[in-house]
Structures are given as C-alpha cells and as structure tokens.
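Chain residues, written in single-letter form:
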Amino acid sequence: MKLTIATLLAALFLGANPAVAQEAGSIDQAVNEVFATATGPFVSLIFAPIPGTSFPWIVTWLVIAASLFTLYFGFIQIRAFRHSIELVRGAYSDPNDAGEVSHFQALATALSGTVGLGNIAGVAVAVGIGGPGATFWMILAGLLGMATKFTECTLGVKYRNEYADGTVSGGPMYYISKGFAERRVPGGKFLAVLFSLLCILGALGGGNMFQANQAHAQISGVFGAYPGWVTGLVFAAILYAVIVGGIKSIARVTEKVVPFMGVVYVIAALVILAVNFDQIGWAFGQIFAGAFTGLGVAGGMVGALIQGFKRAAFSNEAGVGSAAIAHAAVRTKEPITEGLVSLLEPFIDTVVICTMTALVITISGQLLIDPETGKYLIDGGTIQTIGNTSGVGLTSAAFASAFSWFPYILAIAVVLFAFSTMISWSYYGLKAWTYLFGEGQTKELTFKLLFCVFAVVGAAASLGPVIDFSDAAIFAMAVVNISALYVLMPIVKRELKSYLSRLKSGEIKKVAR
C-alpha cells in the first residue's frame, strides 16, 4: 500500500507541474506512434473483409459458430437456464471436489474479465458507429454466445491438469492438446501453442492495455488532463499487489468487486431509465428500426450488424476461450456443471448490462439527429455527438445528462471495471505463459511484471491503436479456439447427455446444507 500511495502522490505532482506534464505528453505520443506502427499489419489481417463485401470474415466466423452450437446442443441456453442458477447458488456443490474455487467464485472471476469497459466504452463505440440498431445485434450475439461459452467451459474443466498441491491449470491449450489426442486428430499440440501465444497477446491487449487506456480517459475527463503513464503506474502497483497471490487471491477480490460494481452500474442505469420512462418505447423503436434499416447510419443495416457483433464478441468473449481458463479452477467433478454456469456470462454481460448502456446513450440525446430528415448526422463514418465524445466519454456524457454529478460515480465504476478485468486477464495470460514455459515462481513472476509494464503502455497510448490491437488479438484467439470446439463438441454432447440423464434419475442430488 505504501508503494501505491507514493505512486499516487507522484502522479499528483506530475499532473500539477506543467513542464513535467508537457514532457510526459511527448512520451505518450512517442509510445503511441511506435505501438500503432508495430501492430498495424496484424490488425489489418484479422479484420480483413470477405472479398467483395465490407463484412469482416472474423465476425462471420463467430456468428456461424454460435449459431451451430445453439442448434447442436438443443438451445441449451434456454432449457438449462434455471438449473444454471441453482448451480451458482451452490445447490449441487460438494466442497470436497477437486478444484480451487466455488461455482460462484469462478463465475465472478470470469465475469470480471468480461463485465468491464466493453460494457461502458465498447457499447458506446458500437452505437456511435452503428447507431442504436447495433444494440439488437449485440443482444442476439449475446444470446447465441451462451451456447459457445457452455461448450468451451465444459471442456476447460474436463481436460484440466490437477496437481498434488490442490491447484489446477486448464483452458483451451489443455483441451486442444488432450482432446485432439483422445480423438486421434493431428495438430493439437501446434494449435495449443498458437492459442497460448495469442492468449498472451490478448491478455496484454484487450485484458490490460484497453482497460488502462479507457480508465485513464474517464479519470482525466473528470478530474482534468494529465499524462496517461501516471495512471498506468498506479494501476501497475495495485495490480501487482493482487495478482501475486494467484487465482485464490483473485477470486476473493472478484467475488466482492464484481457484484458491487455491477449493482452500482445497473442501479444507476435503471434510475436514468425510470426518470425517462416515457422515452424507453422510442429508444427500443430506434434499436429495432436501426437493426434492419440502419436509420441513415453509415453502412446501414450491415454497418449496425457488424458493430453489434464486434462489440458483443469483445464484451462477452464467447468463443475466445479465455473464460474456460477461469472456470477450469472450479471445485467440481462434473465438467458439465461449469459449462452450465458459464452460459450465464453472456446473458449478464451482454443481454442485460450492454443493453442498459445502449438505452441510456440513446435516450440521453447525445447522438445528434437532423431535425428535417430524422436521420443521424454522420461525420467521418461515425455519428456526431454533443461535445464530439466517443467511447467511455460518450457513456459518461449520456449518464451526466440526467445527473451532472454522475461522471464522478462512473469514474469509480470505470476504475473498478478496468481493475477487475485486468486481474482476471492477468490469470488467463499467466496460464498461457506457464503452458508454454512451464510452472515455477520465477517464470510466473516474469509474466506478472510484464503484465504490469503493459498497463503503463496502454494508459499512455491513444484509443485507436489500443482498441484495434485489443480486438485483433482477442479475435485471433477465437480462430484457434472455435476450430478446436468443432472437433471436440461431440465429447461435450456425450457429457451433457450423461449428466442430464443422471440428474433426471436422481443420481445427482442437491447437497444438504
């Protein structure tokens, strides 16, 4: 804590010293230029459009997978929803089962990696480019993604490594290598290594730099401009204090922070929607009309669809495989139970929280509309907003339109969202790191220090390069992971059939409390 306070005092000094601040600003610019140049080709490859269209091939990849899993498992996200809630409540949990954390802690840890700035800044980016109609496609992507999340998290538990000291390691890199070997499919080891490399990039990008970047944007927007690397140093110090304790330490923090920040944010959104109750019907009209007509937004319906699916995928990470790493640490002997618990993530993250954010932005009037045509005013491919805000700034302005003091509350929420996401992604990246380089305190410490350094880089770089790199790294993980899920989904179906049969017969019983 002394390190954190000292760093914070240094931040205040630097922010108040114009000469130092100007020099620090040049550091931010230099970091940004180098970062944008280095990551440009990778970003272009991942978001390349399907030939003859403007539709990114990666979005098609995610949509097809989510739809296929939904059909293959008989709409599992609907028929098992109630049982999923019972599992989270611990109705079937045996404390003697192998694993490190409870169903609720695993869900909270995974949610802390998904319920983050994608819900605040990401939704604003989607609506700012694709209009309110992007929200419809975001919701649909969330509902379909529940089946994808179920598939990958079931496999994460089934093929995890359990060690003598009670710790576990799991995730796509383990179920790819083991599952492919079980089915006698070649290439498993190569894909596992490739996924691990991409996971490390995703952890450093979307799970770290993007969070630090948008947290700094909100803090400096409320309290005044100061160098981004200062915010990064503060985050790095606090991050290190938490992640050095491993998954149990992370779970203890996330099971408290995630429910708290989620409730605060949802209540604030509900209050604003209640105050503007008469406009909710109009807002939903904008969402549904925009989903199929575009309402004059650049790119029309396709533009709204692309933005909706892109931001939903970035927000809930269904198909990416990251959550399977957190869920693999759960205490259970039934892999299916954690798959069922995990399908709640996209629902909470995208269907509930993202929709509320989009409704608040739409109702707030921050998106400028031409009074003569009724269409949104477009400038450079994005909707014009009051004060030219975007990302987290747009969400902040939308909430401030109802309560002038709310940006201060949102600043706290943003910091909590960013922090919880970062500590979860530090665990994801760490497990990918140890898969590649082996277990050991020195190896783990090396990654944790690297992760903290990138928090500083993310806070110093500008939004454009950071968000592009973040999306590209995370979507690249999905390419490998979903390819593996296609190969392994018959195993999940076999596990599901067995579990539901034993549940129906009474062989699987609720645990007495």
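Fair warning: this is a prediction, and the values are worked out from it, not measured in the lab.

1. A short note on the packing of helix α16 (residues 335-342) against helix α17 (residues 344-364)
Part 1: Their axes nearest at 4 Å, the elements α16 and α17 cross at an angle of 10°. Between α16 and α17, the angle is such that the two are roughly parallel. Between α16, through Leu340, Val341 and Ser342, and α17, the contact on the second element is made entirely by Leu344, Glu345 and Pro346.

2. Quick word on the packing of helix α10 (residues 188-223) against helix α20 (residues 441-460)
Any two packed helices are characterised by the angle at which their axes cross and by the distance between the axes.
Part 1: The interhelical angle for the contact between α10 and α20, taken along N-to-C directions, is 40°, at an axis separation of 7 Å. Accordingly, the angle class assigned to the pair α10 and α20 is oblique. Handedness of the crossing formed by α10 with α20: right-handed. The residues of α20 that touch α10, namely those facing Ile200, Ala203, Leu204, Gly207, Asn208, Met209, Ala212, Asn213 and His216, are Phe447, Leu450, Phe451, Phe454, Ala455, Val457, Gly458 and Ala459.

3. Quick notes on the pattern of salt bridges
Part 1: Counting across every chain of the model gives five salt bridges.
Part 2: For lysine 149, the salt bridge is made with glutamate 345, and the minimal N-O distance between the two is 3.2 Å. On the criterion of sequence distance, the pair formed by lysine 149 in helix α8 (residues 133-158) and glutamate 345 in helix α17 is long-range, its members being 196 residues apart. Here lysine 149 and glutamate 345 have matching classes, each one buried.

4. What to know about helix α19 (residues 406-437)
Part 1: In a regular helix each residue adds 1.5 Å, so 32 residues correspond to 46 Å; α19 covers 45 Å between its end C-alpha atoms and thus fits that length.
Part 2: Most of α19 sits inside the fold, with 25 of its 32 residues counted as buried.

Definitions and limits used
- Residues numbered from 1 in each chain as written.
- Predicted model: local features only at pLDDT ≥ 70, side-chain atom pairs only at ≥ 80, totals over all residues.
- Heavy atoms only, no water.
- Axes fitted to C-alpha atoms, helices over the stretch in contact; angles between N-to-C directions.
- Helix = DSSP H or I, 4+ residues; strand = E, 2+ residues; numbered from the N terminus.
- Parallel < 35°, antiparallel > 145°, perpendicular 65-115°, else oblique.
- Contact = heavy atoms within 4.5 Å.
- Left-handed = near helix turned anticlockwise from the far one by under 90°.
- Salt bridge = Lys/Arg side-chain N within 4 Å of Asp/Glu carboxyl O.
- Buried < 20%, exposed > 50% of the residue type's maximum accessible area, 1.4 Å probe, protein only.
- Expected span 1.5 Å × (residues − 1).

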